Amino acid sequence: MLKKLVNLWRGNKDFNQDEAFLRSALDLSRLPRHVAIIMDGNGRWAHRRGMPRAYGHRAGVESLREVVRTSAELGLDVLTVYAFSTENWKRPQEEVDILMDLLVEYLHKEIDELCTNNISVRAIGRIKDLPLSAREALAVAWQRSKDNTGLTLNIALNYGGRTELVEAVKSIGVEVSKGNLDPGDIDEKIISDYLYTAGQPDPDILIRPSGDYRVSNFLLWQLAYTEFWLTTVMWPDFRRIHLLQAMVDFQRRDRRFGGLKK
Ligand code: IPE
Ligand code: IPE
Ligand code: MG
């Protein structure tokens, strides 16, 4: 036990495999409320295996299943996963189509289990620009799960942090021009209320697999004081053990929010 604790403290990766230890190290009363994940690295994972990128995207769905299940089991409030950015349209049409098809397939296959686990599914992003099949699948999933009271699963689709802010500014502008809102009254709370994540807590932790160290236009406003957890593990290899490791690491952080050490 002592050796494991020392390894954990030193950031020794050997303890990764020990789920029982990670679980015992986790304080369930201090879990993050909101976990955000940039599901990245599918293409490189497939490439390393000499396979087409689609193979990696399909494998990534399995990681999503496991992470969603574990998040619900732990009792997290919100899990936000970045599935398709406003910039991902730049990819070949064939890849975009595969990603949309995988989304539809995921929702159809998983909605029963999501409901059994009391999870509500929401889409965040410019949903109206998604293909009809994706919009329909999202609407069905939302309709079926909207009254569930457990984990909220936000799937970020055609999501861009800058687009989200532009849309919020436009909507606020409309309210100002109608005389419903005084520009002097615009504050951080009002801006938050016009974002896709209105009413939800900001992410406590952002996980980015794949070894890239950037936010890629994800939750720009909401990440103001979020803890970052970066790993070189590719998303298709990301398993519950990595989520648990992130949670344990999170509990060792000293979040000061601009103040002084506790
Ligand atoms: C993440 O994996 C999935 C999406 C962005 C839709 P990538 O497709 O970006 O995989 P890499 O980063 O090229 O390895
Ligand atoms: C971010 O990954 C978007 C998603 C995971 C959906 P990208 O692969 O698109 O980001 P960049 O291009 O490496 O910044
Ligand atoms: Mg990528």
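To be clear, the structure that these remarks concern was listed above.
Residues numbered from 1 in each chain as written. Chains lettered and ligands numbered in written order. Predicted model: local features only at pLDDT ≥ 70, side-chain atom pairs only at ≥ 80, totals over all residues. Heavy atoms only, no water.

K.L.:
If you had to explain the overall build of the protein to someone new, which residues and values would you point to?
P.N.:
When its secondary structure is counted, the protein shows nine helices and six strands. In terms of C-alpha radius of gyration, the protein reaches 19 Å, essentially the compact-globule figure of 18 Å for 262 residues. Across its three principal axes, the protein shows a C-alpha extent of roughly 65 × 50 × 35 Å. Counting only residues that meet the buried cut, the protein has 48% of its 262 residues in that class. Taking as baseline every contact in the protein between residues at least 6 positions apart, the subset at least 24 positions apart corresponds to 77%. For the protein, the accessible surface area stands at approximately 13,600 Å², while carbon and sulfur atoms represent 52% of it. Taking the average location of the 37 positive side-chain charges in the protein and that of its 36 negative ones, the two points are 5 Å from each other. (Helix = DSSP H or I, 4+ residues; strand = E, 2+ residues; numbered from the N terminus. Rg over C-alpha atoms; globule rule 2.2 N^0.38 Å. Buried < 20%, exposed > 50% of the residue type's maximum accessible area, 1.4 Å probe, protein only. Contact = heavy atoms within 4.5 Å. Areas by Shrake-Rupley, 256 points an atom, 1.4 Å probe, with all protein chains shown as cover. Lys, Arg positive; Asp, Glu negative; His and termini not counted. Charge placed at Lys NZ, Arg CZ, Asp CG, Glu CD.)

K.L.:
Can you explain empty space enclosed by the protein? Please cite residues and give values.
P.N.:
Applying the stated criterion to the full structure yields one cavity of 30 Å³ or more. Put simply, the largest cavity is a space of about 40 Å³. For the largest cavity, the full set of lining residues is Arg 65, Val 68, Arg 69, Glu 110, Glu 113, Leu 114, Asn 117 and Ile 119. Looking at the lining of the largest cavity, its residues break down into three nonpolar, one polar and four charged. (1 Å grid on protein atoms, 1.4 Å probe; cavity = no way out; pocket = protein on both sides within 12 Å on 5 of 7 lines; lining within 4 Å. Points joined across faces, edges and corners; volume = space filled by probe spheres on them. Nonpolar A, V, L, I, M, F, W, Y, C, P; charged D, E, K, R; others polar.)

K.L.:
Residues and numbers for the site of ligand 1, please.
P.N.:
Around ligand 1 sit 13 residues, and of these Asp 40, Gly 43, Arg 44, Arg 53 and Arg 91 come closest. One of the side-chain nitrogen or oxygen atoms of Arg 53 is found 2.7 Å away from an oxygen atom of ligand 1. Cavity membership is defined here by more than half of the atoms lying within 2 Å of grid points; on that basis ligand 1 lies in the largest pocket. The element best represented in the shell around ligand 1 is helix H3 (residues 42-48), accounting for three residues. Here the residues of the shell around ligand 1 are counted per class, giving three nonpolar, five polar and five charged. (Near = heavy atom within 4 Å. Polar contact = N/O pair within 3.5 Å; in protein donor to acceptor, adjacent residues only side chain to side chain. Sits in = over half its atoms within 2 Å of the grid points.)

K.L.:
Can you break down the pattern of salt bridges residue by residue, with the values?
P.N.:
Considering all chains together, one arrives at 29 salt bridges under this definition. Arg 126 serves as the salt-bridge partner of Asp 129, at 2.9 Å between the closest nitrogen and oxygen. Assessed through its relative accessible area of 25%, Arg 126 is described here as partly exposed. The shortest N-O distance in the salt bridge between Glu 167 and Arg 126 comes to 2.7 Å. Of this pair, Glu 167 sits in helix H7 (residues 161-177) while Arg 126 sits in the loop between strand E3 (120-124) and helix H6 (132-145), placing them 41 residues apart in sequence. Connected through salt bridges with shared partners, the residues Asp 40, Arg 44, Arg 208, Asp 212 and Arg 214 form a single ionic network. (Salt bridge = Lys/Arg side-chain N within 4 Å of Asp/Glu carboxyl O.)

K.L.:
Got a sec to walk through helix H5 (residues 93-116)? Specific residues and values, please.
P.N.:
The end-to-end C-alpha separation of H5 is 35 Å, in line with the 34 Å expected for 24 residues at 1.5 Å each. Along its length, H5 shows its largest kink, about 55°, at Glu 110. Asn 118 sits one or two residues past H5 and shows a positive phi near 65°. (Expected span 1.5 Å × (residues − 1). Bend = angle between axes of the 7 residues up to and from the residue.)

K.L.:
Please set out a nonpolar patch on the surface residue by residue, giving values where relevant.
P.N.:
Residues Tyr 213, Phe 228 and Leu 230 make up a contiguous nonpolar surface patch of about 310 Å² in total accessible area. In this structure, Phe 228 sits in strand E6 (residues 227-230). (Patch = residues over 30% accessible without salt bridge, like charges linked within 9 Å, V, L, I, M, F, W, Y side chains within 5 Å.)

K.L.:
Requested: an account of the site of ligand 2, with residues and values cited.
P.N.:
Close to ligand 2 lie Ile 38, Met 39, Asp 40, Tyr 82, Ala 83, Phe 84, Asn 88, Arg 91, Arg 208, Arg 214 and Ser 216. For ligand 2, whose free accessible area comes to 390 Å², the fraction covered by protein is 78%. Given that more than half its atoms are within 2 Å of the pocket grid, ligand 2 belongs to the largest pocket. Top contributing element to the shell around ligand 2 by residue count: strand E2 (residues 78-85), with three residues.

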